[in-house]
Amino acid sequence: MYYLSRVPLDACNRNTMKALANPGRFHGAVESSFPGERKRRLWRIDRLNGKIYLLILSEDQPRLTGMEQQFSAAGEKGVTKSYDAFLSGIHAGEEFRFRLAANPSKAIALEQKRGKIVANITPTYQKQWLLNRSKAHGFSVKEETFDITESRWVQFHKTDPQAGKSRYVRFLMTVYEGLLQVTDEENFRKILVEGLGREKAFGCGLLTVMRIG
């Protein structure tokens, strides 16, 4: 089973402000809301109609109380809904509105070394990054049917409590919005629940869609 959850965030809350500056805090809060085995959960920050939300896609139903206490205004509650009926209702040929926060990066091969990961920093290459990946993941997009609505560098220090060390994290986050068409429903459902691209732990990779009309 899959669940889609949404938690309202209070932009005036000190914990929320710290977490927006350091996505590692949201990552920790998301993981702490699930008992048992540690798994990769997709999440994203959405800004809609002047409000901010934390969106989470997971295989298990989360306990939202801790995140509400940390990040929400008094009295505001998160909601969780089953995602299964929506997923099973997706069919090839359907068109959807979509939103994706992603890290449009690429690996550059180095002689006798592991490839270096670099960001696609121009809008042209950022759009091409998505166009290049669409077919393999069961959907098609045209350059004129989607836009980049946000592109910014995310940088912060992530602390590893067990190792007692911290590392500097820096990556480009780009938000895509527009229209797509499903070409392979099985592969498309897979990318919806597994995410697209790198930096999934820090708010990238979650693709959400909404039927038109």
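You'll find the structure just up there.
Residues numbered from 1 in each chain as written. Predicted model: local features only at pLDDT ≥ 70, side-chain atom pairs only at ≥ 80, totals over all residues. Heavy atoms only, no water.

Engineer: Looking at this model, I keep getting lost on the packing of helix 1 (residues 14-21) against helix 2 (residues 23-32). Mind explaining?
Structural biologist: How two helices sit against one another is set out by the angle between their axes and by the gap between those axes. Two elements in contact, helix 1 and helix 2, have axes separated by 5 Å at closest approach and are oriented at 110 degrees. With respect to each other, helix 1 and helix 2 are oriented roughly perpendicular. Judged by residue contacts, Thr16, Lys18, Ala19, Leu20 and Ala21 of helix 1 engage Pro23, Arg25 and Phe26 from helix 2. (Axes fitted to C-alpha atoms, helices over the stretch in contact; angles between N-to-C directions. Helix = DSSP H or I, 4+ residues; strand = E, 2+ residues; numbered from the N terminus. Parallel < 35°, antiparallel > 145°, perpendicular 65-115°, else oblique. Contact = heavy atoms within 4.5 Å.)

Engineer: I would appreciate a short explanation of the sheet that holds strand 3 (residues 51-58) in the present structure.
Structural biologist: Two pairing modes exist for strands in a sheet, parallel and antiparallel, and in both the strands are linked by backbone hydrogen bonds. Spatially, 2-3-1-4 is the arrangement adopted by the four strands of the open sheet, whose pairing is antiparallel. Pairing within the sheet leaves two strands with one partner each, and these edge strands are strand 2 (42-48) and strand 4 (79-82). Taking each pair of neighbouring strands and ignoring which way they run, the sheet shows an average axis angle of 20 degrees. Alignment of strand 1 (residues 3-9) against strand 4, held across four bridges, turns out to be antiparallel. Paired with Leu4 across the strands is Lys81, a residue of strand 4. (Pairing = 2+ DSSP bridges.)

Engineer: Quick question: what am I supposed to make of the pattern of salt bridges here?
Structural biologist: Pairing between side chains of opposite charge can happen when their charged atoms approach one another. By the definition in use, this model includes nine salt bridges. The closest approach of N and O atoms between Glu185 and Arg189, which form a salt bridge, is 3.6 Å. Here Arg189 and Glu185 lie together in helix 6 (residues 185-194), a separation of four residues that amounts to about one turn. Glu185 sits in the partly exposed class, given a relative accessible area of 27%. Overall, the relative accessible area of 22% leaves Arg189 in the partly exposed class. (Salt bridge = Lys/Arg side-chain N within 4 Å of Asp/Glu carboxyl O. Buried < 20%, exposed > 50% of the residue type's maximum accessible area, 1.4 Å probe, protein only.)

Engineer: Honestly, the pairing of strand 3 in this entry has me stumped. Any pointers?
Structural biologist: Consecutive side chains of a regular strand alternate in pointing toward one face of the sheet and then the other. Here strand 3 lies mainly inside the structure; seven of its eight residues are buried. The pairing of strand 1 with strand 3 spans seven bridges and is classified as antiparallel. Pairing of Ser5 across the sheet is with Ile56, part of strand 3. Remark: two residues form the turn of the hairpin made by strand 2 and strand 3, two consecutive strands paired antiparallel; Asn49 in that turn has positive phi of roughly 50 degrees.

Engineer: Would you mind going over the nonpolar core with me for this structure?
Structural biologist: When a protein is soluble and globular, its nonpolar side chains tend to lie buried together. Residues Phe98, Leu100, Leu130, Tyr176, Leu180, Phe188 and Leu192 are the most contacted members of the largest nonpolar core, which totals 27 residues. Contributions of two or more residues to this core are made by strand 3, strand 5 (95-102), helix 5 (123-134), strand 10 (165-182), helix 6 and strand 11 (207-211). Not counting chain neighbours up to four residues away, the residues in contact with Tyr176 comprise Phe98, Arg99, Leu100, Ala102, Pro104, Gln126, Lys127, Trp129, Leu130, Phe146, Asp147 and Ile148. Of all hydrophobic cores here, the second largest spans 14 residues; its members include Leu9, Leu54, Met67 and Phe71. (Core = buried A, V, L, I, M, F, W, Y, C linked by side-chain atoms within 4.5 Å.)

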